[in-house]
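Chain and residue survey
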Amino acid sequence: MFMQKIRRSTKKNRTILLIVVALLAIGIVGSFAVWNSGDYSMPGATEVTYADMVAQYEQYLAENAPESMEGIDYNTAITMANDYMALAENAGMAAADASTTEDGADAASAYMLTQMDASTEAVDYFKKAIELAPESLNEEGEAALYSDLAYAQYYAGIYDDARVNFDKAYAASPNYNVVQSYAQFLFSMDGMESVQKLMDDYMGRFTDQSSEEYTNANALLEYYKALDEIYKSATEGTEDADGDGIITIDEDDLEGFVDDMMSSEETGDDTTESEEGEADPTEEEVVNE
């Protein structure tokens with residue numbers, strides 16, 4: 001049903017769907033496991049929203065972030081980097097929530113700017129953590145640091161540096177956590193072909209294809225294949241699809257972009273130009289197809 005709706009959406013509505021898909025991908029595939037600052041809980045069974053989480057993290061960081069990085073230790077640098085990335089991730093999801101409301105353009109653009117700012121702070125703290133990393137840190141720990149730095153740079157829009165550091169992480173220790181983040185970056189920047197090459201190299205290192213890591217890697221590959229099919233269906237026939245797999249937004253134009261996105265959602269219909277006059281099928285019709 002989701003695929004049918006994307007295929008029958010207007011070009012403007014497809015843009016909105018792609019942004020939502022991208023944000024969902026970040027939430028599903030992100031390498032950061034669980035954020036452990038304070039007693040905060042992720043939205044779920046409770047009434048806590050992503051907007052609430054953003055406010056809580058902003059308050060926590062305002063009260064606990066060091067005034068300067070001078071004199072901080074390795075553990076503090078890592079903790080602060082993770083806290084800022086938690087803020088960035090929640091801000092991204094809050095932006096997605098806001099974009100679905102009638103008057104949410106300003107809020108969505110503000111959350112997206114918060115995401116960029118928080119990611120940039122995280123980049124600085126991850127760099128500091130790498131500078132302060134103990135000599136006893138093993139290759140897997142080094143890989144995790146460079147992967148986390150690259151992931152923060154990806155969120156912050158520092159794409160060239162992110163690619164360099166993902167390469168460093170994979171070279172240091174090509175483990176599943178690194179591959180998980182690297183695959184997301186490659187899918188967003190280069191498309192499915194690059195993801196396939198990465199996964200072929202990684203999965204080719206295993207002699208036991210029944211191992212947990214191999215099984216997880218195969219599931220990850222299948223996920224991106226499915227996401228690629230959604231992307232292809234959503235961009236099929238659009239004039240503004242450039243084929244590079246990523247939507248880039250200039251920070252100075254962000255508010256206008258979100259305004260346009262919201263107004264497009266309000267005025268768009270559910271048919272393509274070639275299907276003008278054809279109503280979107282009911283759920284029963286989709287099932288019968």
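This text gives an overview of the structure that appears in the document. (Residues numbered from 1 in each chain as written. Predicted model: local features only at pLDDT ≥ 70, side-chain atom pairs only at ≥ 80, totals over all residues. Heavy atoms only, no water.)

1. With respect to the environment of Ser 181
Counted only if it meets this: In this text, helices come from DSSP runs of H or I with a minimum length of four residues, and strands from runs of E with a minimum of two, each type numbered from the N-terminal end. Residue exposure (1.4 Å probe, protein chains only): buried if accessible area is under 20% of the type maximum, exposed if over 50%, otherwise partly exposed.
Relative to the helices and strands, Ser 181 is located in helix 8 (residues 176-189). Residue classification places Ser 181 among the buried positions, given a relative accessible area of 0%. Measuring from C-alpha to C-alpha, the distance between Ser 181 and Tyr 151 comes to 6.8 Å, with 30 residues separating the pair along the chain.

2. Overview of the pattern of salt bridges
In plain terms, the rule: The salt bridge criterion pairs a side-chain nitrogen of Lys or Arg with a carboxyl oxygen of Asp or Glu, the two atoms within 4 Å.
Counted under the stated rule, the structure contains six salt bridges. One salt bridge in this structure joins Glu 131 and Lys 128, with 3.4 Å as the shortest N-O distance. Placement of the pair is Glu 131 and Lys 128 together in helix 5 (residues 105-132), with a separation of three residues, close to one helical turn. For Lys 128, a relative accessible area of 14% translates into the label buried. Among the ionic pairs, Arg 205 bridges to Asp 201, the shortest N-O distance being 3.0 Å. We classify Arg 205 as partly exposed; its relative accessible area is 48%.

3. Observations concerning the environment of Ala 107
Here Ala 107 shows up in helix 5. In sequence terms Ala 107 and Ala 94 are 13 residues apart; their C-alpha atoms lie 8.7 Å from each other.

4. With respect to the packing of aromatic side chains
Let me state the cut-off plainly: Put simply, two rings from Phe, Tyr or Trp (the six-membered ring, in Trp's case) pair if the centres are within 6.5 Å, and we call them stacked under 30 degrees between planes, edge-to-face over 60, tilted for the rest.
Overall, the coordinates contain twelve aromatic pairs when judged by the stated rule. Centre to centre, the rings of Tyr 151 and Tyr 155 are 5.2 Å apart; their planes meet at 55 degrees, and the pair counts as tilted. Taken together, the residues Tyr 151 and Tyr 155, both in helix 6 (residues 139-156) and four residues apart, mark about one turn of the helix. As far as the burial class goes, Tyr 151 and Tyr 155 line up, both buried. Ring pairs connect the aromatic residues Tyr 151, Tyr 154, Tyr 155, Phe 166, Tyr 170, Tyr 182 and Phe 185, which therefore count as one cluster.

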